[in-house]
Amino acid sequence: MAAAPLTMNAPELSIVVPSFNESENIPVLVDRLRTALDGINWEMIVVDDDSPDGTADVTRRIGATDSRIRCIRRVGRRGLAGACLEGMLASQALFAAVIDADLQHDEKLLAPMLAKMREGATDIVIGTRYAEGGSTGDFSSGRKWISVTATRVANLVLGRKLSDPLSGFFMLRRAVVEGIAGELSTHGFKILLDIVSTGGPSLRIAELPYTFGLRFQGASKLDTRVAFDYAGLLLAKATHNLLSLRFIFFCLVGLTGIGVHFAVLWAGVRLFHLEFGWAQALAIAVAIATNFHLNNQITYRDQRLTGVNYLTGLMLFYVISSIGAISNLSVGTWLFGHEQTWWLAGLGGAAMSVVWNYAVSSLMVWRR
Ligand code: GDD
Ligand code: MN
């Protein structure tokens, strides 16, 4: 095997920049990084989710004359956490940092962060808005309240006091992520919280304050979906992955099904004078259909079925729910034979069918 002609060291620091529609911000960020990281062996990895505004092209054009700049273009996928993870895993530097593309994070903090990492006693340095010397800048009072509250809840779940666990600005020893990559969620915004909670109490964490700036160009992508994902992540962490937010929503939808069932049954018997058997059958059919619709709208809103898929999904959901009802009946009867407590047997049967319906429909009806 021929020896490598010359030694070219991998960068010491990879700057990972998640981006969605940031074409006007990337060139400015590159300029600022060149200044802020003067004298450091760095590279920048933009992880772009196929932005329609051509962010990937803009990045590659800069990369054509500066090989430190490159772009990972992901197609058919969205998600800040997943993008950050993918960027860090594409790096072979000793250290990786994550910074937003919109210039809200102060790039002048990167050099002090690196200095801290080089000392060797730290695994993660977090850029914090909530410690002495930091600030959220021009946050509206509403957003500030939400941010502070979300921070408190995060600390409860982490069982560790961090001033800004929701920060999107941090630097870490890349090996930290390499070791836990398979366990991290790729949904939502809160990659740092996930890394800290999955990495556990042995992680050595330092904080450096900065002031959160104004977005330079373009619009924020934080929306209700992001809040929904955040609640889901907290719940999963708090229950050690036993409960997912999806399962909770599935159960709540199931409860509304009971209401629908009795409303239809009442109307059938009292208003339309149907025979009980027919009214009961109608109530079951309507309750399953409304459950399907609500799950499609709420529980699986991120993979909503439409058109023909909606109809075939509904049919499949009918089949699955019928098997669920039979298992409900048999488990209930079996329990009643042992316990003789009607409500306990009923509850056991219902729990059995909910778990069955959830597990099978998430595999077959709303499969990705
Ligand atoms: N690849 C990719 N995919 N990037 C994304 C996506 C996505 O789905 N969604 C957002 N981004 C990128 C944006 O282009 C930007 O560079 C960065 O992630 C942050 O997104 P913003 O939409 O600007 O978020 P923000 O400013 O409202 O939220 C900031 O503050 C939060 C805490 O209050 C971010 O720093 C968050 O990371 C932080 O948690
Ligand atoms: Mn922003």
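Calculation rules
Residues numbered from 1 in each chain as written. Chains lettered and ligands numbered in written order. Predicted model: local features only at pLDDT ≥ 70, side-chain atom pairs only at ≥ 80, totals over all residues. Heavy atoms only, no water. Helix = DSSP H or I, 4+ residues; strand = E, 2+ residues; numbered from the N terminus. Rg over C-alpha atoms; globule rule 2.2 N^0.38 Å. Contact = heavy atoms within 4.5 Å. Lys, Arg positive; Asp, Glu negative; His and termini not counted. Charge placed at Lys NZ, Arg CZ, Asp CG, Glu CD. Donors = N, O, S within 2.8 Å, 3.2 Å for Na, K, Ca; no water. Buried < 20%, exposed > 50% of the residue type's maximum accessible area, 1.4 Å probe, protein only. Domains from an automatic or database assignment. Pairing = 2+ DSSP bridges. Right-handed = clockwise from strand over helix to strand, strands pointing away. Arc of directions from axis to C-beta. Axes fitted to C-alpha atoms, helices over the stretch in contact; angles between N-to-C directions. Near = heavy atom within 4 Å. Polar contact = N/O pair within 3.5 Å; in protein donor to acceptor, adjacent residues only side chain to side chain. Areas by Shrake-Rupley, 256 points an atom, 1.4 Å probe, with all protein chains shown as cover. Phe/Tyr/Trp six-rings, centres within 6.5 Å; stacked < 30°, edge-to-face > 60°.

K.L.:
So what exactly am I meant to see when it comes to the overall build of the chain here?
P.N.:
Per the secondary structure count, the chain includes 12 helices and seven strands. Against the globule reference of 21 Å for 368 residues, the chain gives a C-alpha radius of gyration of 26 Å, more extended than a compact globule. Taking the principal axes of its C-alpha atoms as reference, the chain extends roughly 85 × 55 × 40 Å. Contacts in the chain between residues at least 24 apart in sequence constitute 75% of all its contacts with a sequence separation of at least 6. On the chain, the mean spot of the 33 positive side-chain charges and the mean spot of the 31 negative ones are 3 Å from each other.

K.L.:
Just checking my understanding: could you explain the coordination of the manganese ion (ligand 2) for this structure?
P.N.:
Tetrahedral coordination by four donors sets the ideal angle at the metal to 109.5 degrees; octahedral coordination by six donors sets it to 90 or 180 degrees. Around the manganese ion (ligand 2), the donor atoms from the protein are Asp-102 (OD) and Gln-104 (OE1), and they sit 1.9 to 2.0 Å away. The exposure classification of Asp-102 matches that of Gln-104, with both residues buried.

K.L.:
Just checking my understanding: could you explain the domain arrangement of the chain for this structure?
P.N.:
Size of an interface, as often reported, equals the accessible area lost when the parts are brought together. If you check the domain split of the chain, you get domain 1 (13-223) and domain 2 (245-364). Inter-centroid distance (C-alpha atoms) of domain 1 to domain 2 is 43 Å.

K.L.:
I tried to follow the pairing of strand 3 (residues 69-73) on my own but got confused; where do I start?
P.N.:
Note on strand geometry: in a regular strand, side chains alternate between the two faces of the sheet. Note: strand 2 (residues 42-48) against strand 3, five bridges, orientation parallel. Directly across from Ile-45, in strand 3, lies its bridge partner Arg-70. Since strand 2 and strand 3 lie parallel, the crossover through helix 2 (residues 55-63) that links them has a hand, and here it is right-handed.

K.L.:
Can you help me understand helix 4 (residues 110-118) in this one?
P.N.:
Since one α-helical turn is 3.6 residues long, residues separated by three or four positions face the same way. Of all the residues in helix 4, the buried ones are Leu-110, Met-113, Leu-114 and Met-117. All buried residues of helix 4 fall inside an arc of 100° around its axis, so they share one side. Next to the buried residues of helix 4 lie strand 1 (13-19), helix 1 (26-36), strand 4 (95-98), strand 5 (124-128), strand 6 (170-173) and strand 7 (205-209).

K.L.:
In this structure, what is going on with the sheet that holds strand 6? I would like to understand it.
P.N.:
Each strand in a sheet pairs with its neighbour through backbone hydrogen bonds, running either in the same direction (parallel) or in the opposite one (antiparallel). Strand order in the open sheet formed by seven strands is 3-2-1-4-6-5-7, and the pairing between neighbours is mixed. Strands at the two margins of the open sheet, each flanked by one partner only, are strand 3 and strand 7. Taking each pair of neighbouring strands and ignoring which way they run, the sheet shows an average axis angle of 20°. Pairing of strand 5 with strand 7, which is carried by five bridges, proceeds in the parallel orientation. Along strand 7, the bridge assignment pairs Ile-126 with Glu-207.

K.L.:
For this particular structure, what's the right way to read the site of ligand 1?
P.N.:
As a structural note, the neighbourhood of ligand 1 is formed by 26 residues, with Glu-22, Asp-49, Arg-78, Asp-100 and Lys-221 the closest of them. Gly-79 places a polar main-chain atom, nitrogen or oxygen, 2.9 Å from an oxygen atom of ligand 1. Arg-143 places a side-chain nitrogen or oxygen 3.0 Å from an oxygen atom of ligand 1. Contact with the protein chains removes 97% of the 740 Å² of surface that ligand 1 exposes when unbound. Residue assignment for the shell around ligand 1 shows that the elements contributing at least two residues are strand 1 and helix 3 (80-90).

K.L.:
I tried to follow the pairing of strand 2 on my own but got confused; where do I start?
P.N.:
Burial runs high along strand 2: seven of the seven residues are buried. Side chains Trp-42, Met-44, Val-46 and Asp-48 project from strand 2 onto one buried face, and the interleaved Glu-43, Ile-45 and Val-47 project onto a second face that is buried too. Looking at chain direction, strand 1 and strand 2 are connected through seven bridges and run parallel. When the bridges of strand 2 are listed, Pro-18 appears paired with Val-47. The parallel pair strand 1 and strand 2, bridged by helix 1, forms a crossover whose chirality is right-handed.

K.L.:
Would you explain the packing of aromatic side chains in this entry?
P.N.:
Both the distance between ring centres and the angle between the ring planes are used here to describe each pair of aromatic rings. Under the counting rule described, the total for this entry stands at nine aromatic pairs. Centre to centre, the rings of Phe-247 and Tyr-358 are 5.0 Å apart; their planes meet at 70°, and the pair counts as edge-to-face. Taken together, the residues Phe-247 in helix 9 (residues 245-271) and Tyr-358 in helix 12 (residues 342-364) connect sequence positions 111 residues apart. Relative to Trp-366, the ring of Phe-292 has its centre 5.4 Å away and its plane inclined at 25°; by these criteria the two rings are stacked. Taken together, the residues Phe-292 in helix 10 (residues 276-299) and Trp-366 in the segment after helix 12 connect sequence positions 74 residues apart. We classify Phe-292 as buried; its relative accessible area is 0%.

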